[in-house]
Structure formats: structure tokens, C-alpha cells
Amino acid sequence: MQREHSVVIVGGGPAGLAAAEAVAKAGVDVVILERQGEIGYPIHTSGGSWIKDLQELDIPEHLYHPVGTAIFLSPNREVAFRYPQPVVCVLDIRGLYQFLAQRAIEAGARLEMKTIAQTPILEDGKVVGLNVKDRLGQAVEYRAKVVIDASGFSRIIATRAGLHQNFERYGYGAEYDLHAPNYDQDRVYLIMGSQVAPSGYAWVFPRGKGRVRVGVGILKPDADTEDARLYLDRLTERVPQLAPLLAHSSPIEYHTGLFPSEAPPEKLVTAGLVATGDAGMQGSTLVGEGIRYAINSGRMAGRVVGTAIAQGNWSPKALSRYEDDWRAKYLREMQLSYKINRIIARFTDGQWDKGLDLLRHLSPDQAAALLKGDYSAKLGLQLVTRNPGLVRTLAKYSLHGLLPPKMAAGRI
């Protein structure tokens, strides 16, 4: 059996759905192949995000829960930042993904559920389609001018087409979604330390109406012998201040997920194929955040692919505009986040305590900007003006070289 479409997208996550909407808005025929039977299931992410970015992406308010207090815990320190006007939030993952799917459908895209992409079809080194198993178990050949791999961590088509290799460094996370009647829904926790999450961190993210996501993420192979699931089950024992907050709670859902934690790839495009979202290593490795980046990156990919096909030229050179656009917007941020991630993944408990001592000197807005991955010169000027010795202290933590030369020398 054979089917033909202008664009075939592998994966119905945020990147694939956003790409499909953008392709369809260009008047181009597009289909999404989703291996699961439901968009947004199973959940593989905790859903922490930033309100301003979601507003810019036109995500409705009812799909995220604003949080006004962010609390950082290390083995012997606690630092809290309060935001009268919340800047961080926790997403309704299933609701968000299905909203993005509805937008894509309204733009003209079609979704095929329980449809598993298996191998790319290559002709003269160019991707011209996919071999697929449909929901009835039948082999189907999908032919396309361009394939967009938005299959997430597996990036099954990009690897089998030779665009990328399998990820070697990644975060593995385990999480309970609890009903926790005693938990303050206005507090998020980020928790570091070897007894809680070696080479990683733990989190407590409220998502409204008594629901709380509690999870642990550990980097592999940095902490190769450690199991995030075991640390999750011991979290309240290791962090006793959480015990009363989570008293009388019980899990309603259990999630696990993988998040790539490598440097940005050299290429996102080859003949007939584009990678986006986690498949393109387009999330921030600073704290393992991907959704807002995936939506934006998927839109970039979809706009370029849709325009290229509408104009009758989908050559690698034409498609590489997407690569150029993405690098111009995100490459520096992703490179710096990766370098910082490699450093803090090796922190000892003492270094985490000292890190929180440094964090205590920041204003709430500065702390939010750093956590968000804002490495702008404007933020650097604010930090040095407010705390003249702060950058010199950061340099002692091996962060020298991540900042502009004048900042690193404390001369801005």
C-alpha cells in the first residue's frame, strides 16, 4: 500500500504539531504520524515553563498553572524567590498537546494515530518517504517531498537516514503525579545534592486543583549506576521538609522520560529530511527544559518547509534556511547551557551549598533570567552592578570562559 503527501511528520509532540500547523498554513498538504493512540499520552515531561513565552506562543491561560514562589534546596541551604506577578508555571501537558493538535487540524493538517514510522525510504541518498506500520499492523509506504522527524528522543528517522547518531548523554527522569491535599499550590521546589539526585536534580511542581508532580532526573552516563526511580521513592525521606507538604498524598499517575543532554548538532537538514524538537537536540540542557523550544523550533521548521514546497524548491539549500534561522535565535543559548550543565553535573554537595549562597545575592528577576537561560549582556551588567564581586566568584567555579571577557574579569 502506498500513500503520497507533500510533507510527512513523524511524531505528534509539540514540535511536530507546531510544524504541521505552519506547513498547513502555507497551503501545503501535511500528515502527522503518531505512534500512540492519544495525543499527549503517555506523559514524558514535568511541564515547567515560562508564562511570558507561552503568552507569545498564544497558549491559553487555562493550560498552565502560575506559581509565585520558587524554592531552591541544597544539602544545607534554602533560597526562596517570590514573584507577586508569577513568571513560572506548570503545564497541563495532555491539554497543551491536544490544543496544538486542534490548531494543526484547523490549519489543514491530518493526524494518523497508532501509526509507527519504521525506516526512511532513500533514493540516491535523498529521503523520499517512510516505511510505516499502520494501526492494523499493515505495511504502508508514505511518499513525501519532505519528511520532518519530530519523533523526540528516539529520532528514529534522522538516525536511520544518517543525519544524526543515537544520543549518548541524556537525562532519565521518573515522576509521580500526586493528589496532595496539603501542598501549597503556589510553590515550586528545585532540589540538588548527591543524596537526592546525583548529577541531576529533583523537583516538586504543583499544577493546580491539588495535583503535584514530584520527580527526580539523573544524567547518564554521568551517574551511570544510579536509578532515578529509587531516588524518587526516597525523596521525602532524604528531604524531610517535604514530608508534611506531601502528607496524605497518593499517586494518580506515574511518568518516566528521557531528555537528550548533548551539544547542539552540526546539522538539522539533509536531502528530503528535517529534524526538529528533541530529535534535533533543541531543548535547553540547563535544567532539561524543552516544550517552549520545541514549539518555536517546530514552527521554524514548518514555515521553511511549507514555503519551500509552495515555491517549488525543497532542495537542501532551500531547507537550510531553517537551520540558519534556528542557529541565529538559539545556538549561543544552547551552547552555553550545555557547557554550564557539564560543569554543574559534577558539583559536590559543598559546591551546591556554595552555589546557593551565590544565588541568594540575586534579585528574583535575575534568578528567573538565569534559570531561563538568559545570558544577555544586559543581565550581565545588572549582575555586576548589583554584586561587583559576583562574576569573579563565579569564575572560581570554573564558569570562566562562559561569559564575555569583560564580564569574566568583572570590568563591565
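Residues numbered from 1 in each chain as written. Predicted model: local features only at pLDDT ≥ 70, side-chain atom pairs only at ≥ 80, totals over all residues. Heavy atoms only, no water.

Examining the packing of aromatic side chains
Okay, so step 1: One pass over the full model with this rule turns up nine aromatic pairs.
Okay, so step 2: Relative to Phe205, the ring of Trp203 lies with its centre 6.4 Å away and its plane at 40°, an arrangement referred to as tilted.
Okay, so step 3: For Trp203, a relative accessible area of 8% gives the class buried.
Okay, so step 4: Take Phe205: its relative accessible area is 10%, and that puts it in the buried class.
Okay, so step 5: Considering the side-chain rings of Tyr293 and Tyr330, the 5.4 Å spacing of their centres and the 75° angle between planes classify their relative orientation as edge-to-face. In this pair, Tyr293 is assigned in helix α7 (residues 291-310) and Tyr330 in helix α8 (residues 316-344), connecting sequence segments 37 residues apart.
Okay, so step 6: Three or more aromatic residues joined by ring pairs form one cluster here, namely Phe153, Phe167 and Tyr170.
Okay, so step 7: Sitting over the face of the ring of Phe167, Arg155 holds its NZ or CZ atom 3.6 Å from the ring centroid. (Phe/Tyr/Trp six-rings, centres within 6.5 Å; stacked < 30°, edge-to-face > 60°. Buried < 20%, exposed > 50% of the residue type's maximum accessible area, 1.4 Å probe, protein only. Helix = DSSP H or I, 4+ residues; strand = E, 2+ residues; numbered from the N terminus. Lys NZ or Arg CZ within 6 Å of the ring centre and 35° of its normal.)

Some details on the sheet that holds strand β6 (residues 77-82)
By definition, the strands of a sheet pair up through backbone hydrogen bonds, in either a parallel or an antiparallel sense.
Okay, so step 1: In space, the seven strands of this open sheet follow the order β6-β5-β13-β14-β15-β12-β16, with mixed pairing throughout. Two strands lie at the open edges of the sheet, namely β6 and β16 (250-260), each paired on one side alone. Ignoring strand direction, the axes of neighbouring strands in this sheet form an average angle of 15°.
Okay, so step 2: Alignment of strand β14 (residues 200-208) against strand β15 (residues 211-220), held across eight bridges, turns out to be antiparallel. When the bridges of β15 are listed, Trp203 appears paired with Gly215. (Pairing = 2+ DSSP bridges. Axes fitted to C-alpha atoms, helices over the stretch in contact; angles between N-to-C directions.)

A short note on the environment of Glu112
Okay, so step 1: Along the polypeptide, Glu112 turns up in strand β8 (residues 110-112).
Okay, so step 2: A relative accessible area of 9% places Glu112 in the buried class.
Okay, so step 3: Along the sequence, Glu112 and Gly355 sit 243 residues apart, while their C-alpha atoms lie 48 Å from each other.
Okay, so step 4: Not counting residues within four places of it along the chain, the set of residues in contact with Glu112 comprises Arg3, Val31, Ile32, Leu33, Glu34, Arg135 and Tyr142.
Okay, so step 5: Among the polar contacts made by the side chain of Glu112, one reaches the side chain of Arg135 at a distance of 2.9 Å. (Contact = heavy atoms within 4.5 Å. Polar contact = N/O pair within 3.5 Å; in protein donor to acceptor, adjacent residues only side chain to side chain.)

Some remarks on the side chain of Ser261
Okay, so step 1: Assignment of secondary structure puts Ser261 in the loop between β16 and β17 (269-270).
Okay, so step 2: There is a polar contact of 2.9 Å between the side chain of Ser261 and the side chain of Arg169.
Okay, so step 3: Those residues in contact with Ser261, other than ones at most four positions away along the chain, are Arg169, Tyr170, Gly171, Leu219, Met281, Thr285, Tyr338 and Asn341.

Quick look at the sheet that holds strand β7 (residues 88-91)
Okay, so step 1: Ordered in space as β3-β7-β4, the three strands form an open sheet in which the pairing is antiparallel. Each end of this open sheet is capped by a strand with a single partner; those strands are β3 (48-50) and β4 (64-67). Within the sheet, the average angular offset between the axes of one strand and its neighbour, ignoring direction, is 40°.

Some details on the packing of helix α3 (residues 93-107) against α7
Okay, so step 1: Contact pair α3 / α7: the axes reach a minimum separation of 13 Å and the direction vectors enclose 10°. With respect to α7, the axis of α3 lies roughly parallel. Along the contact surface, α3 presents Ile93, Leu96, Tyr97, Leu100 and Arg103, while α7 presents Ile291, Ile295 and Arg299.
Okay, so step 2: In the contact of α3 with α7, the residues fall into six nonpolar, no polar and two charged. (Parallel < 35°, antiparallel > 145°, perpendicular 65-115°, else oblique. Nonpolar A, V, L, I, M, F, W, Y, C, P; charged D, E, K, R; others polar.)

Here we look at the environment of Ile309
Okay, so step 1: By secondary structure assignment, the location of Ile309 is in helix α7.
Okay, so step 2: With 17 residues separating them in the primary sequence, Ile309 and Trp326 have C-alpha atoms 19 Å apart.
Okay, so step 3: In this structure, Ile309 is in contact with Ser6, Val7, Val28, Lys145, Val146 and Trp314, ignoring residues within four places of it in sequence.

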